[in-house]
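Observations on the three-dimensional arrangement
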2 protein chains.
Amino acid sequence: MVAPLVTVVVDVMPKPEILDPQGKAVSGALARLGFAGVDGVRQGKRFELLLEADADGSLGAERLAEVEQMAATLLSNPVIEDYRVHVEQAVAQTQGVDA
Amino acid sequence: MVAPLVTVVVDVMPKPEILDPQGKAVSGALARLGFAGVDGVRQGKRFELLLEADADGSLGAERLAEVEQMAATLLSNPVIEDYRVHVEQAVAQTQGVDA
């Protein structure tokens with residue numbers, strides 16, 4: 001018996017009040033490349049986690065809370081970054097994916 | 001007269017067939033921290049671009065094509081990464097944001 005898999009996305013962005021030198025560099029580079037009308041760029045991280053779901057293919061509140069904990073402890077630095085967790089899609093039953 | 005602003009998100013992820021050492025490191029760290037049921041992690045980048053929109057607050061097809069071009073030329077490396085562009089939200093008329 002193989003558990004269905006679900007993709008959960010964790011977006012991690014620098015907090016609005018935190019300077020974002022990477023984003024500023026991208027913004028400057030876009031201007032130099034001739035792209036106009038860009039008022040600002042923020043750069044963050046996107047994590048796609050492949051999780052074993054419940055038998056019905058959903059992710060219980062308990063498991064989602066666990067993902068929030070992953071986001072707060074490992075995937076982001078809550079002092080300078082905000083994170084957002086959302087379920088992207090259910091994945092068909094699969095034999096397993098290398099981790 | 002100030003142009004309305006729109007946030008456009010560009011998600012950049014390593015292509016499925018490309019090894020993702022960052023994602024593997026995160027996956028291993030999650031296991032060591034005691035989180036179970038994680039079958040795989042992919043790590044990518046998320047860019048939030050603040051763009052000047054048309055007067056009605058929308059972004060024309062031409063401007064969106066320009067963002068696709070930014071994504072293909074500067075924000076991603078199309079040899080090893082996939083990107084996805086989507087409009088996040090319209091931002092209320094503002095006086096301007098530092099870039």
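This text follows the structure it describes.
Residues numbered from 1 in each chain as written. Chains lettered and ligands numbered in written order. Predicted model: local features only at pLDDT ≥ 70, side-chain atom pairs only at ≥ 80, totals over all residues. Heavy atoms only, no water.

Turning our attention to helix 1 (residues 21-32) of chain A. For helix 1 of chain A, with twelve residues, the first-to-last C-alpha span of 16 Å sits near the 16 Å given by 1.5 Å per residue. Looking at the packing, one finds that the buried side of helix 1 of chain A touches strand 2 (38-52) of chain A together with strand 2 (38-52) and helix 2 (61-75) of chain B. A:Gly34 sits one or two residues past helix 1 of chain A and shows a positive phi near 100°. (Helix = DSSP H or I, 4+ residues; strand = E, 2+ residues; numbered from the N terminus. Expected span 1.5 Å × (residues − 1). Contact = heavy atoms within 4.5 Å.)

Turning to the relation of the copies chain B and chain A, a few remarks are in order. Mapping chain B onto chain A is achieved by rotating through 180° and translating by 0.0 Å along the same axis, at an RMSD of 0.0 Å. Taken together, the rotation angle and the small translation identify this as a two-fold axis. Of the C-alpha atoms belonging to chain B, the one lying closest to the rotation axis is found on B:Lys45, 2.2 Å away. A high fraction, 100%, of the interface residues of chain B reappear at the interface in chain A, so the copies pair face to face through one surface. (Least-squares fit on C-alpha atoms with pLDDT ≥ 70 in both.)

Contact geometry for helix 2 (residues 61-75) of chain A and helix 1 (residues 21-32) of chain B: axes closest at 11 Å, N-to-C directions at 110°. The angle between helix 2 of chain A and helix 1 of chain B falls in the class roughly perpendicular. Pair helix 2 of chain A / helix 1 of chain B crosses with right-handed handedness. Where helix 2 of chain A abuts helix 1 of chain B, its residues A:Met70, A:Leu74 and A:Leu75 lie against B:Val26, B:Ala29 and B:Leu30. (Axes fitted to C-alpha atoms, helices over the stretch in contact; angles between N-to-C directions. Parallel < 35°, antiparallel > 145°, perpendicular 65-115°, else oblique. Left-handed = near helix turned anticlockwise from the far one by under 90°.)

Attention now goes to the pattern of salt bridges. Think of it this way: side chains of opposite charge can pair up when their charged atoms draw near. All chains considered together, the criterion is met by 16 salt bridges over all chains. When the shortest N-O distance is used, the salt bridge between B:Arg63 and B:Glu66 registers 2.7 Å. Pair noted here: B:Arg63 and B:Glu66 are both in helix 2, with a separation of three residues, about one helical turn. Several salt bridges converge on common partners, so that one network encompasses A:Asp11, A:Arg84, B:Arg46, B:Glu48 and B:Glu88. (Salt bridge = Lys/Arg side-chain N within 4 Å of Asp/Glu carboxyl O.)

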